[in-house]
Amino acid sequence: MLTTAAIMLLGLTLLVAGADWFVKGAAGLADAFGVAPIVVGLTVVAYGTSMPELVVSAVAALEGRSAIALGNVIGSNIANIGLILAVTALVSPPTVDGSLLKRELPVLVASALCVPVVLWDGVISRPEGLLLVLGAAAFTWATVRFASTVGASDPVLADALEQAQSQTPHGTKLRLVAFAVVGLAMLLMGGKWFVDAAVAVAASLGVSERVIGLTVVAVGTSLPELAASLIAALRGHSAMAIGNVIGSNIFNVLFVLGTTSVVFPIAGELQSIQRDLVLMLAFTLAAVLFMRGSRRISRVEGALLLMGYVAAMLTLSR
C-alpha cells in the first residue's frame, strides 16, 4: 500500500511538473512566433492547464477504465467550485465582474448540461466527442475575438494576460521545444503511473473506480488550480480564481471529455452516475448564484460551498 501511494504521489508530481514545463515551452514558442500575449493566455495557457485532467482521462479511457475517466471530469468540476472557489473565498473573498453573467456563465451551465446529454445512450461516441471539442474551439474563438475588442481592460482577460506573461519564458526556440517535449513526456509518464496506482488503491480499499475517480484522482488533477488560486488570493488577486474555475470547468467538459472520447469512446450508464451528475449540476448552479452581477463572494458563501463539498464527498464514498 505504501509503495502504491508513493507511485501515485510520484505520478502526480510528474503530472503537475510536466504540465508546467509543457505550458512554458508552448507559451514561449507562441510568443517567439509573434502571437499576442492575451491570445497566448486564452489558448496555450488555458488549454495547457487542463493537461493533467486530459492525460489522466485519456490514459484511463485507453486502459478501459471509463469510470475513472468520467469521474475525473465530474469530480474535478465539483472540486473546482466546492473546494477551490470555496477556499479562495475563505482566504480573500473575490469580486465578481458583472459581465461574466452575460459571457462565461451561460457557457458554464451549458457545458455542464452537455454531460448527461452525450451520455444519454450510455456512451460518449467519437462524433459526440468531436462536437464537444468544436464547442471548446468555438468558445475560445469567441473569447479571443472579444479580447481583441476590449483588450485587457476586462478583469478576466487581464487575469489571462497576467498568467500568460508569468508562464512565458524566454530562450532559443530549440530550448523552448525541449521544454514542451520533456513536459509532454513527463505528463504521459505521470498520467500512466497515477492512473495505475489509483486503480490499485481502489482495489486495496475495496471501493469502486468511479469513487476513486471522483475523489482522489479528481482532487489530484485539480491541485495546480488550487495552488494557483490560493497564491493569487494571498497576493490580493483572488478574483483570478473565478476565471480559473469557470474556464477549467468549461474546458474539462468540452476539451478534456471531448478529446478523450475522440481518442477512445467513454462508457457511462446514466443511472449509475445520476447522483454524481446531480451534484455537479448543483455546484454549478450554486456558482452561478454566487457570481450573479457585480458583487463579492462572501466568506459565508465560501464556507457553505466547502461544507457542501465535504458532504458531497462523504455521499459519493458510500
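What counts and how
- Residues numbered from 1 in each chain as written.
- Predicted model: local features only at pLDDT ≥ 70, side-chain atom pairs only at ≥ 80, totals over all residues.
- Heavy atoms only, no water.
- Helix = DSSP H or I, 4+ residues; strand = E, 2+ residues; numbered from the N terminus.
- Buried < 20%, exposed > 50% of the residue type's maximum accessible area, 1.4 Å probe, protein only.
- Contact = heavy atoms within 4.5 Å.
- Axes fitted to C-alpha atoms, helices over the stretch in contact; angles between N-to-C directions.
- Parallel < 35°, antiparallel > 145°, perpendicular 65-115°, else oblique.
- Left-handed = near helix turned anticlockwise from the far one by under 90°.
- Phe/Tyr/Trp six-rings, centres within 6.5 Å; stacked < 30°, edge-to-face > 60°.
- Polar contact = N/O pair within 3.5 Å; in protein donor to acceptor, adjacent residues only side chain to side chain.

What follows is about the side chain of Ser57. Relative to the helices and strands, Ser57 resides in helix α3 (residues 51–62). Ser57 sits in the buried class, given a relative accessible area of 1%. With residues up to four places along the chain from it excluded, the contact list for Ser57 reads Ala69, Asn72, Val73, Val256 and Thr260.

The subject of this paragraph is the packing of helix α8 (residues 173–205) against helix α9 (residues 209–234). Between α8 and α9, whose axes approach to 10 Å, the crossing angle comes to 135°. Between α8 and α9, the angle is such that the two are oblique. As for the relative orientation of α8 and α9, their crossing is right-handed in sense. The residues of α9 that touch α8, namely those facing Phe194, Ala198, Val199, Val201 and Ala202, are Glu209, Ile212, Val216, Val217, Gly220 and Thr221.

On to the packing of aromatic side chains. In this structure the tally under the stated criterion is four aromatic pairs. Between Tyr47 and Phe251, the ring centres sit 4.6 Å apart and the planes meet at 50°, which makes this aromatic pair tilted. Taken together, the residues Tyr47 in helix α2 (residues 37–48) and Phe251 in helix α10 (residues 239–263) connect sequence positions 204 residues apart. Phe251 gets classed as buried once you look at its relative accessible area, which sits at 5%. Considering the side-chain rings of Tyr47 and Phe255, the 4.7 Å spacing of their centres and the 90° angle between planes classify their relative orientation as edge-to-face.

Here the focus is the side chain of Arg295. Relative to the helices and strands, Arg295 resides in the loop between α11 (274–290) and α12 (299–316). At 2.6 Å, the side chain of Arg295 and the backbone oxygen of Phe290 are in polar contact. Apart from residues lying up to four places away in sequence, Arg295 is in contact with Pro94, Thr95, Val96, Phe290 and Glu301.

Looking now at the environment of Val310. Within the secondary structure, Val310 sits in helix α12. Judged by relative accessible area, which is 44%, Val310 ranks as partly exposed. Once the C-alpha coordinates of Val310 and Leu83 are considered, the two residues, 227 residues apart in sequence, prove to be 8.7 Å apart.

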